[in-house]
Amino acid sequence: MIACITIIAKENNPVLLRVYADGVDETKFQYISYCSIDLLEEREQNLPTPTPDMKPEERDRVLALRRSGMFLGLLYPVEDYKVFGYVMSTGVRLLLIVDESDRQDESVVVALFKKIQSLYIDCASNPFYKAGQPLTYPKLDRDLKDLVRLWNDNRFAAK
């Protein structure tokens, strides 16, 4: 089950933190999200970067990977949860905090991140949105709740 979704701006401040776990204080997920920032940065530093001495096809592969967003995998398990990370080409990061009993395949986790990325892009494309400011769009909240409901009911499918 999805317990929390966090979107972290390039400047390392959460612009969205939504808790979907019943009876759990939001402060716990704020703490987990802030602790995850260091791990996200560490993983990002280890990602491949294009270099002048790379073969053209290798360079194109690395550039395409960086442009499309990168799944950073399981960042760490904490208490009763697992924390997954994803970084967008703009430097915006996504966190997915799921119950430790959640056994979804990583390909499904990546598909969910891509859906969340698409929802974020829709909001960030709003001419009235200023990058780094909290995301307070009712449509985004509804769409995220729908994704969470599908996931938690085991009806979310990677497409």
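Presented here is a report on the structure given in the accompanying data block. (Residues numbered from 1 in each chain as written. Predicted model: local features only at pLDDT ≥ 70, side-chain atom pairs only at ≥ 80, totals over all residues. Heavy atoms only, no water.)

### A word on the nonpolar core
Stage number 1. Formed by 31 residues in total, the largest nonpolar core has its most connected members in I2, I5, I7, L96 and L135.
Stage number 2. Every element with two or more residues in this core is listed here: β1 (2–8), β2 (14–19), β4 (81–87), β5 (93–99), α3 (106–124) and α4 (138–152).
Stage number 3. Sort the elements by how many residues they give to this core and α3 lands first, with nine residues.
Stage number 4. Residues in contact with I5, not counting those within four places in the same chain, are L16, L17, R18, Y20, L95, L96, I116, L144 and V148. (Core = buried A, V, L, I, M, F, W, Y, C linked by side-chain atoms within 4.5 Å. Buried < 20%, exposed > 50% of the residue type's maximum accessible area, 1.4 Å probe, protein only. Helix = DSSP H or I, 4+ residues; strand = E, 2+ residues; numbered from the N terminus. Contact = heavy atoms within 4.5 Å.)

### Side note on the pattern of salt bridges
Stage number 1. For the coordinates displayed, the defined rule picks out five salt bridges.
Stage number 2. With a closest N to O distance of 2.7 Å, R18 and D141 form a salt bridge. Residue R18 is located in strand β2, and its partner D141 is located in helix α4; the two are separated by 123 residues in the primary sequence.
Stage number 3. A residue is classified by how much of its surface remains accessible, and R18, at 22% relative accessible area, is partly exposed.
Stage number 4. The exposure class assigned to D141 is partly exposed, which follows from its relative accessible area of 23%. (Salt bridge = Lys/Arg side-chain N within 4 Å of Asp/Glu carboxyl O.)

### Comments concerning the packing of aromatic side chains
Stage number 1. Throughout the structure, instances matching the rule amount to six aromatic pairs.
Stage number 2. When the centroid spacing of 6.3 Å and the interplanar angle of 20 degrees are considered together, the rings of F71 and F84 count as stacked. Of the two residues, F71 sits in strand β3 (residues 70–78) while F84 sits in strand β4, which places them 13 residues apart along the sequence.
Stage number 3. Exposure remark for F71: the relative accessible area of 22% places this residue in the partly exposed category.
Stage number 4. Centre to centre, the rings of W151 and F156 are 6.0 Å apart; their planes meet at 45 degrees, and the pair counts as tilted.
Stage number 5. Overall, the relative accessible area of 1% leaves W151 in the buried class.
Stage number 6. On the accessibility criterion, F156 (8% relative accessible area) is buried. (Phe/Tyr/Trp six-rings, centres within 6.5 Å; stacked < 30°, edge-to-face > 60°.)

Honestly, that's just the spatial picture; any functional story needs more than this.
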